[in-house]
Amino acid sequence: MSTESVRTVVSLTDRSPSISGPEIVAQLVPPRQFEGASLENYRPDADYPSQQEAVAAVAAFGGAAERPARQGLFRRRAAAPQALPGLYLDGGFGVGKTHLLAALWHRASGRKYFGTFIEYTALVGAVGYAGAAQQLKGASLVCIDEFELDDPGDTMMMTRLLGDLAEDGTRIAATSNTPPNALGEGRFAAADFLREIQGLSDRFTTLRIDGTDYRRREVSAHAVVTDDLDAAVQAAEGVVSVDGFDALVAHLSTVHPSKYVKMLDGLDAVALSDVRPLASQTDALRLVAFVDRLYDAQVRVIASGTPVDQVFGEEMLAGGYRKKYLRAMSRLVALTLLP
């Protein structure tokens, strides 16, 4: 943003937007920071050969011959194509899975979609299952970032949706996160994915990507905290929202997660005062969804109080939503370091 920009202060708690199905579909493209993602500008870590192997796998998947008509992922007995029409990338946080998925999307021709798991479930919530299937029908490629397995209902719904799309010839690519330093958990994540997608499983090429979180390779272990929020806001440029942490958490409970993206329209930074650890897992999961939208939009976070990556307690991190919380922590660190 130009240094001549005028700072404007707003409040997120004043924003209660609406969103339609077509608006959600229009947003099914790679996040802003991946608009130029390609296999050529992906930088594999030489210490982890699986990253270079992933580049080759994505190139092969993207360069596969045109799909035969009506040969979907559920047609197990049909003649096998040269390349499987599904690709699944599993790995830790910050190893470049989203970059590779976005690079694949950019290489694809025809009508194509790129979204997180929650964005596709939000589409179903907005227009119903039949409406979502109709909106996506006929796409050449559907990319699903951060496929989630912790909600059986959503997983079954997405499996059905992917099956219906695949029957029409759509190719599917997906990623999922594995917590770092979790021995053997990468293999289990891939196994869980293949089990949950049921009839789709034998049509996916699965690949594990190892590595360290690039967002933390050369930065401090925790998010940046400001001792003087007012001064930090005064120094910021563009449109800045200023809210108390508790007030924002309470407001998020009144807005459907599919609408969080529109809450951030036009914002350059989000300032939160008096951040503290969360006691409610429901509040924590809403915050995770909100952080995902902040990260996609690359909105800087300015905060006072507890470091924002420490709002999820040990009990939460030991539970079934561990991967979501770790992803949010990684992203919050990065967002507090944005200029």
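Refer to the structure printed above.
Parameters at a glance
- Residues numbered from 1 in each chain as written.
- Predicted model: local features only at pLDDT ≥ 70, side-chain atom pairs only at ≥ 80, totals over all residues.
- Heavy atoms only, no water.
- Phe/Tyr/Trp six-rings, centres within 6.5 Å; stacked < 30°, edge-to-face > 60°.
- Helix = DSSP H or I, 4+ residues; strand = E, 2+ residues; numbered from the N terminus.
- Buried < 20%, exposed > 50% of the residue type's maximum accessible area, 1.4 Å probe, protein only.
- Polar contact = N/O pair within 3.5 Å; in protein donor to acceptor, adjacent residues only side chain to side chain.
- Contact = heavy atoms within 4.5 Å.
- Core = buried A, V, L, I, M, F, W, Y, C linked by side-chain atoms within 4.5 Å.
- Pairing = 2+ DSSP bridges.
- Axes fitted to C-alpha atoms, helices over the stretch in contact; angles between N-to-C directions.
- Parallel < 35°, antiparallel > 145°, perpendicular 65-115°, else oblique.
- Left-handed = near helix turned anticlockwise from the far one by under 90°.
- Nonpolar A, V, L, I, M, F, W, Y, C, P; charged D, E, K, R; others polar.

A. How the structure looks around the packing of aromatic side chains. All chains considered together, the criterion is met by three aromatic pairs. Aromatic side chains phenylalanine 117 and phenylalanine 147 sit 5.0 Å apart centroid to centroid with 65° between the ring planes, which places their arrangement in the edge-to-face category. Taken as a pair, phenylalanine 117 in helix 4 (residues 117–136) and phenylalanine 147 in the loop between strand 4 (141–145) and helix 5 (152–167) lie far apart in primary sequence, 30 residues in all. Their ring planes at 25° and their centres at 4.8 Å tell us that phenylalanine 312 and tyrosine 325 sit as a pair that is stacked. Linking phenylalanine 312 in the loop between strand 9 (300–305) and helix 11 (314–317) with tyrosine 325 in helix 12 (residues 322–336), this pair joins segments that are 13 residues apart in sequence.

B. Molecular detail of the side chain of serine 258. Assignment of secondary structure puts serine 258 in the loop between helix 8 (245–252) and helix 9 (260–263). For serine 258, a relative accessible area of 13% translates into the label buried. Of note is the side chain of serine 258, whose polar atom sits 2.8 Å from the side chain of histidine 256. The residues contacting serine 258, other than those within four sequence positions of it, are Ile19, Ile24 and Ala122.

C. Spatial organisation of the nonpolar core. Counting residues in each nonpolar core, the largest one holds 39 residues, and the members touching the most others are Leu278, Leu287, Phe290 and Phe312. Looking at this core, the elements with two or more residues in it are helix 8, helix 9, strand 8 (269–275), helix 10 (281–297), strand 9, helix 11 and helix 12. Broken down by element, the residue count for this core peaks at eight residues, all from helix 10. With residues near it in sequence (within four places) discarded, phenylalanine 312 still touches Leu278, Ala284, Leu287, Val288, Leu317, Tyr325, Ala328 and Met329. Residues Tyr129, Ala139, Met157 and Met158 belong to the second largest nonpolar core, which totals 26 residues.

D. Highlighting helix 3 (residues 97–107). In terms of burial, helix 3 is largely enclosed, as nine of its eleven residues are buried. For helix 3, the set of buried residues is Lys97, Thr98, His99, Leu100, Leu101, Ala102, Ala103, Leu104 and Trp105.

E. Quick look at the environment of leucine 317. You can see leucine 317 is positioned in helix 11. With near-sequence residues (within four places) excluded, leucine 317 lies in contact with Phe312, Arg322, Tyr325, Leu326 and Met329.

F. Main features of unusual backbone geometry. Unlike most non-glycine residues, glutamate 146 shows phi in positive territory, near 65°. If you trace the backbone, glutamate 146 turns up in the loop between strand 4 and helix 5. The buried category is assigned to glutamate 146, whose relative accessible area is 5%. In this structure, aspartate 274 is a non-glycine residue whose phi angle is positive, near 55°. Position of aspartate 274 among the secondary structure elements: in strand 8. With relative accessibility at 56%, the residue aspartate 274 sits in the exposed group.

G. A look at the sheet that holds strand 7 (residues 239–244). One open sheet holds the four strands; their spatial order is 1-7-8-9, and the pairing between them is parallel. At either margin of the open sheet sits one strand with a lone partner, and together these are strand 1 (8–10) and strand 9. Between one strand axis and the next, the sheet turns through 20° on average, direction left out of account. Strand direction decides the pairing type here: strand 1 and strand 7, joined by three bridges, are parallel. Bridge pairing in strand 7 links valine 9 to valine 240.

H. View of the packing of helix 10 against helix 12. Interaxial distance between helix 10 and helix 12 falls to 9 Å at its minimum, and their mutual angle equals 45°. The orientation of helix 10 relative to helix 12 falls into the category oblique. Taken as a pair, helix 10 and helix 12 cross one another with a handedness that is left-handed. Side by side, helix 10 and helix 12 meet where Gln281, Ala284, Leu285, Val288, Val291, Asp292, Leu294 and Tyr295 of the first sit next to Lys324, Tyr325, Arg327, Ala328, Arg331, Leu332, Ala334 and Leu335 of the second. Classifying every residue of the contact of helix 10 with helix 12 by side-chain character gives eleven nonpolar, one polar and four charged.

I. Inspection of the environment of serine 38 at higher detail. Note that serine 38 resides in the loop between helix 1 (21–26) and helix 2 (49–62). Of the residues examined, serine 38 reaches a relative accessible area of 17% and is grouped as buried. Between the alpha carbons of serine 38 and leucine 101 there is a distance of 9.2 Å; along the sequence they are 63 residues apart.

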